[in-house]
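Given next are the chains, with one letter for each unit.
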Amino acid sequence: MNDATLWRAYGRNLGISFVLFGALLGLLWLAEMLFPSLTLLKWHDAAWCVGIPASIIGVSYILTIRDPHNYTGFFAGIVMSALLGVQFTLQGNYDCTFLYYFVFIPFQMMSIYKWSRNKNEGGASFEPKFLDIPRFWLSIFMGLAITAGDYLIQTIIFLHNGFADNVAVKLCNALMISSSFLANYWLIYRKNDSWLYWFIYSVSGIVLFIILQNVFSIVLFTFFLVINSMAGIAWIKETKRENLYWAKPFLGRRRRKSSKRK
């Protein structure tokens, strides 16, 4: 596919994202009209307002990289990360601000370079892969280390409370940080594992906002969960049996059956 085709695909995904969020905001507005006690749309909150375009662009980003041949979504990912950095700054969540500006944006730039290089050099089409077993366990260890480190940072630096205080909130925040870090990192190398970490990120967000009783964010992260799951399934369908690696015991038998039907 040439660049014009890839950008047209991104334009369609951006349009889909606008329609989906228009419907979501419309439903929330209707809910507020029917139940005046609810406050779902917080237009007076600057951070919330910044989060709306960030979410719209973010969904178009995920919809686009669902196609493992289309790198154009990462340009949207950079814009999304910049907006989320502003949102987290307004909320005083400075560890996330640092993460988005100094980790995610560079990661997404690297993804653009990596994903586009093979195409520009006339290389073979990309084939999705899972991590091999040593890197799978190394990734798990890194995720646990980042989770523990962020839990400590929240406790000692930002909240100044005890290690046993607000455990669920701090743990969900830490899981969101670690899983999104690993998801962005493995996207650079086009590994299916990235979508497993996006799944953890979405579930952690849902649990966090259930605890915080933020209805809009619960709906939003449920939406992300569905989109991320769809993208992960799309990649797995393109994965050859020899590229399953650690996932072969779970997916290899099914892949063998499907190949026999063909």
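Computed from a prediction, not measured in an experiment: that's the story for all the values here.

Observations concerning the packing of helix H2 (residues 46-65) against helix H3 (residues 73-91)
In the contact formed by H2 and H3, the axes pass within 8 Å of each other and the chain directions differ by 155°. If you check the angle between H2 and H3, you find them roughly antiparallel. Where H2 crosses over H3, the two elements pack in a sense that is left-handed. Grouping the constituent residues of the contact of H2 with H3 by class yields 17 nonpolar, eight polar and no charged.

Remarks on the environment of Met-142
Following the sequence through the fold, Met-142 ends up in helix H5 (residues 133-159). Residues Met-142 and Ser-179 lie 37 residues apart in sequence; the distance between their C-alpha atoms is 9.8 Å.

A closer look at the side chain of Ser-180
If you trace the backbone, Ser-180 turns up in helix H6 (residues 167-188). Only 2.6 Å separates the side chain of Ser-180 from the backbone oxygen of Met-176, close enough to count as a polar contact. Residues contacting Ser-180, with those up to four places away along its chain left out, are Leu-99, Phe-104, Trp-198 and Tyr-201.

A short note on the nonpolar core
Ranked by internal contacts, the top residues of the largest apolar core, which has 67 residues, are Tyr-61, Leu-187, Trp-195 and Phe-216. For this core, the secondary structure elements donating two or more residues are helix H1 (3-34), H2, H3, helix H4 (94-120), H5, H6, helix H7 (193-211) and helix H8 (215-237). Per-element tally for this core: the top contributor is H2, with ten residues. Residues contacting Leu-187, with those up to four places away along its chain left out, are Tyr-61, Ile-65, Phe-74, Ser-111, Trp-115, Ser-194, Trp-195, Trp-198 and Trp-235.

Description of unusual backbone geometry
Phi at Asn-166 is positive, roughly 50°, even though this residue is not glycine. Note on placement: Asn-166 falls in the loop between H5 and H6. For Tyr-245, which is not a glycine, the phi torsion comes out positive at approximately 50°.

Cut-offs and rules
- What you see as residue numbers is a count from 1 along each chain, following the sequence as written.
- For a predicted model such as this one, the threshold for reporting local features is a pLDDT of at least 70, and the threshold for listing and counting side-chain atom pairs is 80 or more; totals across whole chains, interfaces and linings nevertheless cover every residue.
- Note: side-chain values were computed over all heavy atoms of the structure, leaving out hydrogens and water.
- Helix axes use the C-alpha atoms of the stretch in contact, all axes being lines fitted to C-alpha atoms, and the angles between their N-to-C directions lie in the range 0 to 180 degrees.
- Starting at the N terminus, helices and strands are each numbered in turn, a helix being any DSSP run of H or I of at least four residues and a strand any DSSP run of E of at least two.
- Orientation is classified from the angle alone, with under 35 degrees giving roughly parallel, over 145 giving roughly antiparallel, 65 to 115 giving roughly perpendicular, and any other angle giving oblique.
- Note: crossing handedness is left-handed where the near helix turns anticlockwise from the far helix by less than a right angle, and right-handed where it turns clockwise.
- For this classification, the nonpolar set comprises Ala, Val, Leu, Ile, Met, Phe, Trp, Tyr, Cys and Pro, the charged set comprises Asp, Glu, Lys and Arg, and every other residue, Gly included, is treated as polar.
- Within 3.5 Å is the distance limit for a polar contact, defined as a pair of N or O atoms, with the added protein rule that one can donate a hydrogen and the other accept it, and that residues adjacent in sequence qualify only through two side-chain atoms.
- Contacts are residue-level and defined by heavy atoms, with any inter-residue pair within 4.5 Å sufficient.
- What is meant by a nonpolar core is a set of buried Ala, Val, Leu, Ile, Met, Phe, Trp, Tyr and Cys residues, joined one to another through side-chain atoms within 4.5 Å.
- A 1.4 Å probe rolled over the protein chains alone gives each residue an accessible area, and that area as a share of the maximum for its type sets the label: buried under 20%, exposed over 50%, partly exposed in between.

Functional significance is not addressed by these values, which are geometric in nature.
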